[in-house]
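What follows is the residue order along each chain.
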Amino acid sequence: MTQTFDVIIVGAGMVGAALANGLGRAGLTVALLDRQEPAAFDPAREPDLRVSAISAGSEAYLERLGVWSRIRSMRAVPYRRLSVWDAASHPLSRLLPSGIARTTFEAVPLGRDHLGHIVENRITQRALWDQAGECARVERMTTDNIVSAVSDDAQVTVTLDDGRILHAELLVGADGAQSRVRQLAGIGTTRDQYAQQALVASVRYTGPQQDITWQAFHPSGPRAFLPLHSDGEHSWASLVWYDDPARLAALKQLPDRDFLAAVTGAFPADLPPLTAVAGRASFPLARQHAKRYSADRIALVGDAAHTINPLAGQGVNLGFQDAEVLQQELVEARRAGLPIATPALLARYERRRRPANRRMMLAMDLFYHAFSNRLPPVHLARNLGLALANHLPFAKHQVARYAMGIDDTLPPFLQQLVDQAPRPAFLK
């Protein structure tokens, strides 16, 4: 069977499905491909291990796609405060007043009801998949693999493993860090592996649903708390523990009771009393950047184009920004009666997105290394930096607005730090 579309999107995760909805609503015909459709939402099911901090900017994009209310009708927990502090113990800490190395961002001073929402990935994926199914211009398909993708002057031809052949003006790879589309396009990457890994656990705790997410930084890496839903009887949270792979491997092998005891002993006192763990898993941390975002009639978005340290939960938000910018470029070209896969258009998409993604990647990398450093002068400097941030509301609000996706440029003082920092090879 042969079918023709305007755009083929491989990967129906959050970013790919968002792009499919945006293009379909604008009148373009879209084939949305994935190995299988997302699992149906079950409100009685324990929370997904994979969660994302959806920024206010991403919420606005999902609202424009008509899908945010669908997500909210399932499960999405607002966070109104975000707290960050240095938990490393060092003799120099005694030189500073207690609690000075902690800064808290709040929604109210920004004139906002919340800073963002914590949402389980499978909920966002399911909502976007269902929304796409209601759009007559989007056809959802499941396939195990793409055999080939061949471009010529008129179109790109995609052959699936079941023999189906799809034609389109543009093929979009939204199929993750190990992108098959990127491989078929011959686009290389630069990649650097962090020494640490991250362990994620879904836990139940005593007390009401919290409205704060926090990260305490230790020399071995941050330990974070992200609030999830409450079913009236129990409240849930996602915990993230960065550490040496061997230590995390040992933690994963512990019985539930011993694991909860280890977490309680290692996490800050801000952690509420834990009563159960629903699941835990660890994964490696890496930063990766595609050398190009396009080739011939192929474009990359989201993790297929870039992955960053998940330190501040910005990965999916950067992906949504990719999707929205590419959507804008394609829709404007179609409305002007122009081809939607010209080299000039795809180059413009990359010019709009690569610098922003690179800035965020470098900012997260600087933050990661600054808080992992055990040198006394660095320890004192970061404590003073957090203290200063807490006493400069204007600067703190600028950082918050950037992290929320409300402003798309780094605050001047942070941009200066980024500009002066040495560039790692993967960002050059």
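Here goes a summary of the coordinates provided. Predicted model only: the values in this text are computed from it and were never measured.

## Side note on the environment of A278
Phase 1 of the analysis: Secondary-structure assignment places A278 in strand β18 (residues 274–290).
Phase 2 of the analysis: Exposure remark for A278: the relative accessible area of 28% places this residue in the partly exposed category.
Phase 3 of the analysis: Here the alpha-carbon distance between A278 and S202, two residues 76 residues apart in the chain, equals 5.4 Å.
Phase 4 of the analysis: Dropping the residues within four chain positions of it, A278 is found in contact with E46, S202 and W236.

## Some remarks on the sheet that holds strand β9 (residues 138–142)
Phase 1 of the analysis: Read from one edge of the open sheet, six strands run β9-β3-β2-β13-β20-β19, paired in mixed fashion. Only two strands of the sheet have a single neighbouring strand rather than two, namely β9 and β19 (294–295).
Phase 2 of the analysis: Taken strand by strand, helix α1 (residues 14–25) contacts β2 (7–10), β3 (30–34), β9 and β13 (170–173), and its axis lies near 165 degrees from that of β3.

## Remarks on the pairing of β18
Phase 1 of the analysis: Summarising the sheet, strand β14 (residues 189–205) and β18 pair through 14 bridges and their orientation is antiparallel. Looking at the pairing, D192 lines up with R287 of β18.
Phase 2 of the analysis: Relative to strand β21 (residues 306–307), β18 runs antiparallel, the two sharing two bridges. The partner of H289 across the bridge, within β21, is H306.

## A word on the sheet that holds β18
Phase 1 of the analysis: In spatial order, the strands read β7-β6-β15-β16-β17-β14-β18-β21; together these eight strands make up an open sheet with mixed pairing. Lying at the two open borders of the sheet, with one neighbouring strand each, are β7 (102–106) and β21.
Phase 2 of the analysis: In terms of strand pairing, strand β6 (residues 81–86) meets strand β15 (residues 212–218) through six bridges, oriented parallel. Looking at β15, one finds that V84 is bridged to Q215.
Phase 3 of the analysis: Most of the contacts of helix α6 (residues 245–253) go to β14, to which it runs at about 30 degrees, and overall it touches β14, β16 (221–230), β17 (235–243) and β18.

## Some points on the packing of aromatic side chains
Both the distance between ring centres and the angle between the ring planes are used here to describe each pair of aromatic rings.
Phase 1 of the analysis: Inspection of the entire model under this criterion finds seven aromatic pairs.
Phase 2 of the analysis: Seen from their ring centres, W85 and W214 are 5.5 Å apart, and the 40 degrees between their planes marks the pair as tilted. Of this pair, W85 sits in strand β6 while W214 sits in strand β15, and the two are 129 residues apart along the sequence. Each member of the pair, W85 as well as W214, carries the same accessibility label: buried.
Phase 3 of the analysis: With a centroid separation of 5.5 Å and 10 degrees between ring planes, the pair formed by W214 and F225 is classed as stacked. In this pair, W214 sits in strand β15 while F225 sits in strand β16, placing the two residues eleven residues apart along the sequence. We note that W214, like F225, is buried.
Phase 4 of the analysis: In this structure an aromatic cluster arises from ring pairing among W85, Y205, W214, F225, W241 and F267.
Phase 5 of the analysis: R280 extends its terminal NZ or CZ atom over the ring of F259, reaching a point 4.4 Å from the ring centre.
Phase 6 of the analysis: The ring of Y194 is capped by R287, whose NZ or CZ atom sits 5.2 Å from the centre of that ring.

## Side note on the environment of M74
Phase 1 of the analysis: Looking at where M74 falls in the secondary structure, it is placed in helix α3 (residues 68–74).
Phase 2 of the analysis: Between the C-alpha atoms of M74 and D42, which are 32 residues apart in sequence, the distance is 8.8 Å.
Phase 3 of the analysis: Not counting the four nearest positions on each side in its chain, M74 is found in contact with F41, I123 and A127.

## Examining the pattern of salt bridges
Phase 1 of the analysis: By the definition in use, this model includes 20 salt bridges.
Phase 2 of the analysis: A salt bridge links R122 to E120, with the shortest nitrogen-to-oxygen separation between them at 3.6 Å.
Phase 3 of the analysis: Exposure remark for R122: the relative accessible area of 14% places this residue in the buried category.
Phase 4 of the analysis: One salt bridge connects R280 with D256, and the closest N-O pair in it is separated by 2.7 Å. Taken together, the residues span a long stretch of sequence, with R280 in strand β18 and D256 in helix α7 (residues 256–266) at a distance of 24 residues.
Phase 5 of the analysis: Judged by its relative accessible area of 40%, D256 falls in the partly exposed class.

## Some points on the pairing of β16
Phase 1 of the analysis: Here β16 lies mainly inside the structure; nine of its ten residues are buried.
Phase 2 of the analysis: Of the pairings in the sheet, the one linking β15 to β16 comprises five bridges and is antiparallel in character. Looking at the pairing, W214 lines up with F225 of β16.
Phase 3 of the analysis: Count of turn residues in the β15/β16 antiparallel hairpin: two residues.

## Details of the packing of helix α2 (residues 56–64) against helix α8 (residues 315–335)
Phase 1 of the analysis: One can describe the packing of α2 onto α8 by two numbers: an axis separation of 10 Å at closest approach and a directional angle of 45 degrees. It follows that α2 is oblique to α8 by the angle criterion. In this structure, the crossing between α2 and α8 has a hand that is left-handed. Residues S58, Y61, L62 and R64 of α2 touch α8, and the partners they reach there are N317, F320, A323, E324 and Q327.
Phase 2 of the analysis: Taken together, the residues of the contact of α2 with α8 sort by class into four nonpolar, three polar and two charged.

## Thoughts on α2
Phase 1 of the analysis: All of the buried residues along α2 are A56, S58, E59, Y61 and L62.
Phase 2 of the analysis: A positive backbone phi angle near 80 degrees is found at G66, which sits one or two residues after α2.

Calculation rules
- Residues numbered from 1 in each chain as written.
- Predicted model: local features only at pLDDT ≥ 70, side-chain atom pairs only at ≥ 80, totals over all residues.
- Heavy atoms only, no water.
- Helix = DSSP H or I, 4+ residues; strand = E, 2+ residues; numbered from the N terminus.
- Buried < 20%, exposed > 50% of the residue type's maximum accessible area, 1.4 Å probe, protein only.
- Contact = heavy atoms within 4.5 Å.
- Pairing = 2+ DSSP bridges.
- Axes fitted to C-alpha atoms, helices over the stretch in contact; angles between N-to-C directions.
- Phe/Tyr/Trp six-rings, centres within 6.5 Å; stacked < 30°, edge-to-face > 60°.
- Lys NZ or Arg CZ within 6 Å of the ring centre and 35° of its normal.
- Salt bridge = Lys/Arg side-chain N within 4 Å of Asp/Glu carboxyl O.
- Parallel < 35°, antiparallel > 145°, perpendicular 65-115°, else oblique.
- Left-handed = near helix turned anticlockwise from the far one by under 90°.
- Nonpolar A, V, L, I, M, F, W, Y, C, P; charged D, E, K, R; others polar.

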